[in-house]
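Structure at a glance
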Amino acid sequence: MHIEAFREFCLSLAGTVEEFPFDEQTLVFKVGGKIFALTYVDDFESINVKCDPETAIELREKYNDIKPGYHMNKQHWNTIVVNGDVPDAEIIRWVRHSYELVRLSLPKKVQVSIQAISSTDA
């Protein structure tokens, strides 16, 4: 997977914005003001995504290239090495999972506004 494909997919998710809140290298994707994915722009070797805690453990056991989230809460975040043993389709699946976890944790009013964005894009 290339960073362009990763970025394009993230931005295709309703209500997603990209930012550089930490430094000029760390690209962050947010929905409703909350992070659901991040990576380094110049060194696109891995991504961090939020994950259900039980599923996070299962994924770490299944794939060598999924580790506890680097610089993140190890219970709720995974770091996925891109171009490793995790197929691109699986990476996309877990980015979407992260997005949904974050989106569903937002206040209902924000969720409705994101849904409205999604409806107008369709």
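These numbers were taken from a predicted model, which means no experiment stands behind them.

**Focus on the nonpolar core**
Among the nonpolar cores identified, the biggest contains 30 residues, and Phe6, Phe36, Ile47, Ile80, Ile91 and Val95 are the most heavily contacted of them. The set of elements that each furnish at least two residues to this core consists of helix 1 (3–12), strand 2 (26–31), strand 3 (34–40), strand 4 (46–50), helix 2 (53–62) and helix 3 (88–105). With sequence-adjacent residues up to four places away left out, Ile91 is seen in contact with Met1, Ile47, Ile80, Val81, Val82 and Val86.

**What to know about the pairing of strand 4**
With three bridges joining them, strand 3 and strand 4 adopt antiparallel strand pairing. By the bridge assignment, Thr39 is partnered in strand 4 with Ile47. Hairpin connection, strand 3 to strand 4: the antiparallel pair is bridged by five residues. As defined by bridge partners, strand 4 adjoins strand 6 (residues 77–81) across five bridges and the pair is classed as antiparallel. Looking across to strand 6, one finds that Ser46 is bridged to Val81.

**Digging into the pattern of salt bridges**
By the definition in use, this model includes four salt bridges. With a closest N to O distance of 2.5 Å, Arg7 and Glu18 form a salt bridge. Of the two residues, Arg7 is situated in helix 1 and Glu18 in strand 1 (residues 16–19); the sequence distance between them amounts to 11 residues. By relative accessible area, which is 36% here, Arg7 ends up partly exposed. For Glu19, the salt bridge is made with Lys30, and the minimal N-O distance between the two is 2.9 Å. Placement of Glu19 in strand 1 and of Lys30 in strand 2 is noted, with a sequence separation of 11 residues between them. The buried category is assigned to Lys30, whose relative accessible area is 15%.

**Here we look at the confidence of the model for the chain**
Summary statistics for the chain give a mean pLDDT of 93 and a share of 96% for residues scoring 70 or more. No element of the chain has a lower mean pLDDT than helix 4 (residues 108–121), at 81, and none a higher one than strand 2, at 98.

**Digging into a negative patch on the surface**
Taken together, Asp52, Glu54, Glu58 and Glu61 make up a surface patch of like negative charges. Tracing the backbone shows Asp52 in the loop between strand 4 and helix 2. Residue Asp52 is classed as partly exposed on the basis of its relative accessible area, which comes to 30%.

Cut-offs and rules
Residues numbered from 1 in each chain as written. Predicted model: local features only at pLDDT ≥ 70, side-chain atom pairs only at ≥ 80, totals over all residues. Heavy atoms only, no water. Core = buried A, V, L, I, M, F, W, Y, C linked by side-chain atoms within 4.5 Å. Buried < 20%, exposed > 50% of the residue type's maximum accessible area, 1.4 Å probe, protein only. Helix = DSSP H or I, 4+ residues; strand = E, 2+ residues; numbered from the N terminus. Contact = heavy atoms within 4.5 Å. Pairing = 2+ DSSP bridges. Salt bridge = Lys/Arg side-chain N within 4 Å of Asp/Glu carboxyl O. pLDDT = per-residue confidence, 0-100. Patch = residues over 30% accessible without salt bridge, like charges linked within 9 Å, V, L, I, M, F, W, Y side chains within 5 Å. Areas by Shrake-Rupley, 256 points an atom, 1.4 Å probe, with all protein chains shown as cover. Lys, Arg positive; Asp, Glu negative; His and termini not counted. Charge placed at Lys NZ, Arg CZ, Asp CG, Glu CD.

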